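# A structural walkthrough
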Amino acid sequence: MRLTPHTTLAALASALAFTPAAFAAPLTTLDRNGAWVSVEAYGPNIVHVTIAADKDQVLKGPGYGILAKAAENGAFRHSRAADGDTFASSGMTLHVNPAPAPRVPSQGEKYFAPALASVGLQVKNARGEQILSMTGWEMAPHTVNGEKTYQVGASFAAPRDEHYYGMGQNQESLSGLDLRGRVLDCKHWYDAPAGETVCVPFMVSSKGYGIVWDNPSATRFVAGVHGKTAFQSNVGERVSFFVITGNSSDELYSGYARLTGKTPIPPKAAFGLIQSKARYDSQQEVLRVANTYRQKQYPLDVMVVDWFYWTRMGQMDINPAEFPDPDGMNKQLHDMGMQSIISIWPRYETSGRYFNELDAKGYLLKDKDGKTVDGLPFRSDRTGGLIDATNPKARQWFWEKSRDNILSHGFDYPWLDETEPDLVPDGFMYAIGSGDRFHNLFPLLHVEGFADNMRAWKPNKRVLILSRAAYLGSQRTGALFWSSDINPTWEALARQIPTGLNMTASGIALWGNDIGGWQYLPQTTSATKAPLLDPSDARDVVGQNHDYPELHTRWFQYGTFLPTLRLHGDRKQADIWSFGKAAETIMARYDRLRYQLIPYIYSQAKFTHDTGAPFMRPLWMDFPQDPNVADIGTEYMFGPAFLVAPVTEQGQTEKDVYLPAGSDWYNFWTKEKLAGGRWMKVAAPIDQIPVFVKAGSIVPIGADIQSTATRQAIAEIQVYPGKDGEFSLYDDDGVSYDYEKGKSTTTRLRWSEGSGKLTASGGDSGLARSLPGLVKVIGKQ
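Predicted model, so just to flag it, every value in this text is computed and none were measured.

What follows deals with unusual backbone geometry. The step from Ala-278 to Arg-279 runs through a cis peptide bond, and the omega angle for that step is 5°. Structurally, the position occupied by Arg-279 is in the loop between β17 (273–275) and α5 (283–296). In this structure, Pro-421 follows Glu-420 across a cis peptide bond, with omega equal to 5°. Locating Pro-421 in the fold gives a position in the loop between β22 (413–416) and β23 (429–430). If you check the backbone angles, Gln-297 has positive phi at about 60° while not being a glycine. Within the secondary structure, Gln-297 is located in the loop between α5 and β18 (302–305).

Have a look at this one:
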């Protein structure tokens, strides 16, 4: 496909989008005895604080990922007094301490005190309560990758009752959610022992504020250790961070969205079942699996073609021996109401057809001598050079080859794998600077460059991208993120729950994981309990791994209540029917349940788009007054109605579940009503995981469909009485960007506990007329 004028403009826009933009003049720049402090506002509840020894550094504006055009100082008043400078708005107050009076240093300070001038500041919320106190900052000179730079950081007081969440994806915890007492390496690290880490440096505090740390180098986060919370980045010439305040967690996420971008509503197919495997050997296998789903009448929306469909890594072609007619394959999928995703890698073998061109143009990651980096010897990785996504010309080249060579064959969406990137940039050089300085930046630039070009290419087809890593602002690309190449074990399953909850708490709402685990499936097991599902008719896939059908089923049950439901894994087969009849029956039932919940889930996607807040929510977001939920990472809210407590132990048939205080709850399966504010032991037979519904909830149930390509009617509206309730039922065409122009419907459902009636207003008038026949009040005949 030739480059058209509109794609040329899109390329220019994409290039400019990644340059930290000019920004509104700060409220003021303060001199604190040679330490310069700049204060800038992004509306009434967000301030940007920059501190440096060089005044030019504090005037540079925000870094990558931040939408500098959102700066707005008008809500703040600045006053100066003997006790320092105060910046006040209706949403918050920032006070910067004055420079300390000169004094004779002590004997110890002569040798060990920092050379930096002291800077201290405090933040109060809208009620005048102090919620944050910065106690120190650092710029320690050192040399990184041959560059003279600084280790930069800031420290804050950590009250004993403060809890910390977010900071991206970290898979170290098996159950606890609170980061307090932990020291995290906030960096993209594929080889992290517990599973890949992804740095999204946004921390949310139980005190009603969040800190966005504005530095893309590898960062250490110290959470409430010895009375201190700190951020410490490996490379920088300034300290730069944003403080967001709010009366609720949703207000904090609204601020984060203002600062870094809104989450688009993905195509509706993103919320159906996505079927993947590492890997389908041919188009015949892809079509066989797709056709089997339709023959069995198991709903499915997307088939995925993973890696090694090419002739060589970086050849950016489709092997005709295995995929002789990809256009025809995609047409057959489309005729079945399915869409397709294909994996596109950013790596180029030295013997491939594009390596010499990319090398000559300087489009690949280089070492400090200017030579292209070829693989990673420490991992026995010899798979070529990495596209340099920091170079706008390289991004454009990658997009054009992906479009012309691959996507143009009828594939709907790309899977941009290896976006950490897998070829670790430390010690090497990007076009914009050292890989150490920009360690965490690659996924934002790589994915957003592709997303912008996809929208320019097909301006009314929503972008959908699978991405393995993220950074500040990555949510605005419309990508679906997942937890990388995790193990197919019970331990890995348990780690997913707190992992995902802190990732969504970092502003990355559209998160999921490989159902069943990605890594090679061992053909034996160390489990000592008898499996709850018969593995005898799945030996061809699981071998003597007797409990894997049980694990896969439990994982699928959990995935039913995730933002995305995607089967994947390095095993002989990876579809619903491959793990024995008993497992198939249960997973098929949950697959149908998932599709019945599409109207509910899609409405939550609109909620996230509007508010910035996630809909896979740790309990502390919705029950901040209940101190018992602060560290619970084994259960969560899925939208406003469902409390989900996945089963993560082999042989487990009951589970301890906490029902938060402040509400009554209904067991989703038995409809039994229970009081909140207590732990209870809940039955969890193999065909159930504990799911509860909050009293006052309204849950729309969709009609059975085979994919979201079919318009879905509302089959039932379930009401869980006990208090007044509301639900905004949202719908649009599920495919285009017309929703941005207001072409959508929102039907407001209201339950009156006093009258015992459900009413509907706005939106779908047909739904309002048919309401009496759709309502089912739980607990009433």
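On we go from here.
Moving on, we come to the packing of helix α8 (residues 392–405) against helix α9 (residues 442–457). α9 packs onto α8 with a crossing angle of 55° between their chain directions and a minimal axis gap of 10 Å. Relative to α9, the element α8 lies oblique. Read as a crossing pair, α8 and α9 show a hand that is right-handed. Here α8 contributes Arg-395, Gln-396, Phe-398, Trp-399, Ser-402 and Arg-403 to the contact with α9, which in turn contributes Leu-445, His-446, Gly-449, Phe-450, Asn-453, Met-454 and Trp-457. A per-class count over the contact of α8 with α9 returns six nonpolar, five polar and two charged.

Right, let's get into the side chain of Gln-718. Within the fold, Gln-718 resides in strand β39 (residues 714–720). Only 2.8 Å separates the side chain of Gln-718 from the side chain of Tyr-720, close enough to count as a polar contact. Filtering out sequence-adjacent residues up to four positions away, Gln-718 remains in contact with Phe-668, Ser-697, Ile-698, Val-699, Ile-701, Lys-776 and Ile-778.

Turning our attention to helix α13 (residues 581–596). Three or four residues apart is the spacing at which side chains of an α-helix point the same way, because the helix has 3.6 residues per turn. If you check α13, its first and last C-alpha atoms are 23 Å apart, about what 16 residues at 1.5 Å a residue would give, namely 22 Å. Within the sequence span of α13, burial applies to Ala-583, Glu-584, Ile-586, Met-587, Ala-588, Tyr-590, Asp-591, Leu-593, Arg-594 and Tyr-595. The secondary structure elements touched by the buried residues of α13 are β17, α5, α12 (548–559), β29 (565–567), α14 (598–611) and β31 (636–638).

Here we have three strands laid out as an open sheet, ordered β38-β39-β43, and mixed in their pairing. The outermost strands of the open sheet, each flanked by one partner alone, are β38 (697–702) and β43 (775–777). Adjacent strand axes in the sheet meet at a mean angle of 25° when their direction is disregarded. For β39 and β43, the ladder comprises three bridges, and the chain directions are parallel. Bridge pairing in β43 links Ile-717 to Val-775.

What follows deals with the environment of Ala-194. Here Ala-194 lies in the loop between β11 (183–186) and β12 (202–205). For Ala-194, a relative accessible area of 25% puts it in the partly exposed group. Through-space distance from the C-alpha of Ala-194 to that of Ile-486 is 8.5 Å; in sequence the pair is 292 residues apart.

Core analysis: the biggest nonpolar cluster contains 197 residues, and Tyr-293, Ile-344, Tyr-348, Phe-561, Tyr-636 and Phe-642 have the highest contact counts within it. It is α9 that provides the largest number of residues to this core, a total of eight residues. When near neighbours in sequence (up to four residues on either side) are disregarded, Phe-561 contacts Leu-593, Arg-594, Leu-597, Tyr-636, Phe-638, Phe-642, Val-644, Ile-689 and Val-691. In terms of nonpolar packing, the next biggest core, distinct from the first, is built from 42 residues, Ala-154, Cys-199, Phe-231 and Val-243 among them.

All right, on to the packing of aromatic side chains then. Under the definition given, this model contains 38 aromatic pairs. Relative to Tyr-720, the ring of Tyr-666 has its centre 5.5 Å away and its plane inclined at 65°; by these criteria the two rings are edge-to-face. Here the residue Tyr-666 occupies a position in strand β34 (residues 664–667), and Tyr-720 occupies one in strand β39, the gap between them amounting to 54 residues. In this structure, Lys-268 packs its charged tip against the face of Tyr-602, placed 4.6 Å from the ring centre. The ring of Tyr-413 carries the charged tip of Lys-461 above its face, separated from the ring centre by 5.1 Å.

Another point: the pairing of strand β3 (residues 46–52). Burial analysis of β3 places seven of its seven residues in the buried class, which makes it a mostly covered element. Neither face of β3 is left uncovered, since the one carrying Ile-46, His-48, Thr-50 and Ala-52 and the one carrying Val-47, Val-49 and Ile-51 both have all their residues buried. One ladder, built from six bridges, connects strand β2 (residues 35–41) with β3; its direction is antiparallel. Bridge pairing links Trp-36 to Ala-52 in β3. The antiparallel pairing of β2 with β3 creates a hairpin that spans four residues between the two strands, and Gly-43 there sits at a positive phi of about 100°.

Next up on the list: the sheet that holds β31. A sheet is described by the order of its strands in space; here six strands give the open sequence β30-β31-β32-β37-β34-β35, paired in antiparallel fashion. Each edge of the sheet is formed by a strand with only one pairing partner; in this case those strands are β30 (616–617) and β35 (673–675). Here three bridges tie strand β32 (residues 642–644) to strand β37 (residues 691–694), and the two strands are oriented antiparallel to one another. The partner of Leu-643 across the bridge, within β37, is Phe-692.

Put simply, α13 and α14 touch, their axes get as near as 5 Å, and they point 50° apart. Classified by the angle their axes make, α13 and α14 are oblique. In this structure, α13 contributes Arg-594, Tyr-595 and Gln-596 to the contact, and α14 contributes Ile-598, Pro-599 and Ile-601.

Taking 1.5 Å per residue as the helical rise, α14 with its 14 residues ought to reach 20 Å, and the 20 Å between its terminal C-alpha atoms agrees with that figure. A large share of α14 lies buried, amounting to eleven of its 14 residues. Those residues of α14 that sit buried are Ile-598, Pro-599, Tyr-600, Ile-601, Tyr-602, Ser-603, Gln-604, Ala-605, Lys-606, Thr-608 and His-609. If you follow the buried residues of α14, they end up packed against α13, β31, β32, β38, β39 and β40 (725–731). At the C-terminal side of α14, Gly-612 shows a positive phi close to 85°.

By the secondary structure assignment, Lys-277 is in the loop between β17 and α5. There is a polar contact of 2.9 Å between the side chain of Lys-277 and the backbone oxygen of Lys-572.

Further remarks concern the pattern of salt bridges. Within this structure, the stated rule accounts for 41 salt bridges. Arg-279 serves as the salt-bridge partner of Glu-322, at 3.4 Å between the closest nitrogen and oxygen. Here Glu-322 is found in the loop between β18 and α6 (326–335), whereas its partner Arg-279 is found in the loop between β17 and α5, with 43 residues between them in sequence. Salt-bridge contacts for Arg-476 lead to Glu-448; the nearest nitrogen and oxygen are separated by 3.0 Å. Taken together, the residues span a long stretch of sequence, with Arg-476 in the loop between β25 (465–467) and β26 (479–482) and Glu-448 in helix α9 at a distance of 28 residues. The exposure class assigned to Glu-448 is buried, which follows from its relative accessible area of 9%. By sharing partners, the salt bridges in this structure join Glu-196, Asp-417, Glu-420, Arg-468 and Asp-485 into a single network.

What follows concerns the pairing of β26. With burial as the criterion, each face of β26 is covered, one bearing Ala-479 and Phe-481 and the other bearing Leu-480 and Trp-482. Where β25 meets β26, three bridges bridge the pair, whose relative direction is parallel. Directly across from Ser-467, in β26, lies its bridge partner Phe-481.

Conventions used here
- Every chain is numbered on its own, with residues counted from 1 as its sequence reads.
- pLDDT decides what is reported in this predicted model: residues at 70 or higher carry local features, side-chain atom pairs at 80 or more are listed and counted, and totals for whole chains, interfaces and linings draw on all residues regardless.
- Excluded from the side-chain calculations are hydrogens and water; all other atoms, namely the structure's heavy atoms, are used.
- For helices the rule is a DSSP run of H or I covering at least 4 residues; for strands it is a run of E covering at least 2, with both sets numbered from the N terminus onward.
- Here the axes come from fitting lines to C-alpha atoms, over the contacting stretch only for helices, and the angles between their N-to-C directions go from 0 to 180 degrees.
- Note on terminology: angles under 35 degrees are roughly parallel, angles over 145 are roughly antiparallel, angles of 65 to 115 are roughly perpendicular, and the others are oblique.
- Two helices that cross are described as forming a left-handed crossing if the nearer one is turned anticlockwise from the farther one by less than a right angle, and a right-handed crossing if clockwise.
- The contact criterion used is simple: two residues touch if any of their non-hydrogen atoms lie within 4.5 Å.
- Only Asp, Glu, Lys and Arg are considered charged in this grouping, and only Ala, Val, Leu, Ile, Met, Phe, Trp, Tyr, Cys and Pro are considered nonpolar; every other residue, Gly among them, is considered polar.
- Each polar contact in these results corresponds to two N or O atoms within 3.5 Å; when the atoms are within protein, one needs to be able to donate a hydrogen and the other to accept it, and residues that are neighboring in sequence are counted only if both atoms are side-chain atoms.
- For a helix, the expected span equals 1.5 Å multiplied by the number of residues minus one.
- A 1.4 Å probe rolled over the protein chains alone gives each residue an accessible area, and that area as a share of the maximum for its type sets the label: buried under 20%, exposed over 50%, partly exposed in between.
- One requirement defines pairing of two strands: DSSP has to find at least two bridges between them.
- Each nonpolar core is a collection of buried residues, namely Ala, Val, Leu, Ile, Met, Phe, Trp, Tyr and Cys, held together in the definition by side-chain atoms within 4.5 Å.
- Pairing of aromatic side chains here covers Phe, Tyr and the six-membered ring of Trp, requires ring centres within 6.5 Å, and sorts the geometry by plane angle: under 30 degrees stacked, over 60 edge-to-face, intermediate tilted.
- Two limits define a charge over a ring: the Lys NZ or Arg CZ must be within 6 Å of the ring centre, and within 35 degrees of the ring normal.
- Throughout this description, the term salt bridge denotes a Lys or Arg side-chain nitrogen within 4 Å of a carboxyl oxygen of Asp or Glu.

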